[in-house]
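Chain by chain, the residues run as shown.
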Amino acid sequence: MNMAVTDLGALKVKQQAAWSSGDYALIGTTLQIVGEQLCETLDLRSGSKVLDVAAGNGNVSLAAARRFCDVTSTDYVPALLERGRARAAAEVLRIEFREADAEALPFADGSFDVVVSTFGVMFAPDQERAAAEMLRVCKRGGKIGLANWTPEGFIGQMFKVVGKHVAPPAGVKPPPLWGSPAWLGELFPAQTSSVGWVKRNFVFRYRSPAHWVEVFRTWYGPVHKAFAALGAPAQAALESDLLALAGQLNRASDGTMAVASEYLDVVVTRR
């Protein structure tokens, strides 16, 4: 038991380093529409106390603040919080930014009306603990709103491709499980919450599939680290497989890339 805890702690340090590498903010800004949509799915009300967990550069934080909510934006990567802070300042939005671990949120029980995360908390190593923390800080009758990539969608498949070249940590649940309704039912059991979800698509739009691979291998922490762990021939093989995946799903016929990636918009109501 102690060894498992130690392993998860070591993995978290590695993950923090991965998300600190590259510059996720450059990709995060392209996902802004997802944060706006999540606020609408939640039917978010002005004046609500909102906590954004694993906020990255603040997509849903900004979306909630635009709706005149009282927003606290958290992440365990200080550089991403700084990018969110700069975005909020540019729009003159009032948001509190705070460094925090999704598995040990520094807030009292029932502190927030709404807890949100877009493609963030799903990467916590201890998935059950992260879900329990979100439930803990959400008040009874409040809501938890999530946007999670599905295992079957483009990003879920991308992680499978990467995993064939760089083995994922043994015994750790894959992040896209958060996009499985059955697993959501395990994370948020019926005695504590009710779970609703709808499938949506985010379209990755790039100049070409090669441009997408270039951007992700340069700026998207997990992919950046995967390429860095490989020698030149293995890098070429990973690049080829990623290009094949994008090419298979690309609906554009003009040389650009337009690939729809399935995700779940999730609303958990705290009992």
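Residues numbered from 1 in each chain as written. Predicted model: local features only at pLDDT ≥ 70, side-chain atom pairs only at ≥ 80, totals over all residues. Heavy atoms only, no water.

Asker: Can you tell me about the pattern of salt bridges, naming the residues and giving the values?
Answerer: Once the charged atoms of two side chains with opposite charge are near each other, the side chains can pair. A complete count under the given rule lists 14 salt bridges for this structure. With its nearest N and O atoms 3.0 Å apart, the salt bridge here joins R67 to E40. Linking R67 in the loop between α4 (59–66) and β2 (70–75) with E40 in helix α3 (residues 32–41), this pair joins segments that are 27 residues apart in sequence. Residue classification places R67 among the buried residues on the basis of a relative accessible area of 17%. The shortest N-O distance in the salt bridge between D113 and K139 comes to 2.8 Å. Taken together, the residues D113 in strand β4 (residues 112–118) and K139 in strand β5 (residues 138–149) connect sequence positions 26 residues apart. A relative accessible area of 36% means that K139 is categorised as partly exposed. Through salt bridges with shared partners, a single ionic network connects E36, E40, R66, R67 and E91. (Salt bridge = Lys/Arg side-chain N within 4 Å of Asp/Glu carboxyl O. Helix = DSSP H or I, 4+ residues; strand = E, 2+ residues; numbered from the N terminus. Buried < 20%, exposed > 50% of the residue type's maximum accessible area, 1.4 Å probe, protein only.)

Asker: Can you lay out the layout of surface pockets for me, pointing to particular residues and giving the numbers?
Answerer: If you add up the space inside the largest pocket, you get close to 860 Å³. Broken down by secondary-structure element, the contributors of at least two residues to the lining of the largest pocket are α1 (2–20), α7 (154–165) and α10 (221–228). In terms of residue class, the lining of the largest pocket is made up of 23 nonpolar, 3 polar and 4 charged. (1 Å grid on protein atoms, 1.4 Å probe; cavity = no way out; pocket = protein on both sides within 12 Å on 5 of 7 lines; lining within 4 Å. Points joined across faces, edges and corners; volume = space filled by probe spheres on them. Nonpolar A, V, L, I, M, F, W, Y, C, P; charged D, E, K, R; others polar.)

Asker: A description of helix α5 (residues 78–90) should follow, citing residues and the corresponding values.
Answerer: Taking 1.5 Å of rise per residue, 13 residues should cover 18 Å, and α5 covers 19 Å from first to last C-alpha, within 8% of that figure. Note on α5: the residue one or two positions beyond its end, V92, has a positive phi of about 55 degrees. (Expected span 1.5 Å × (residues − 1).)

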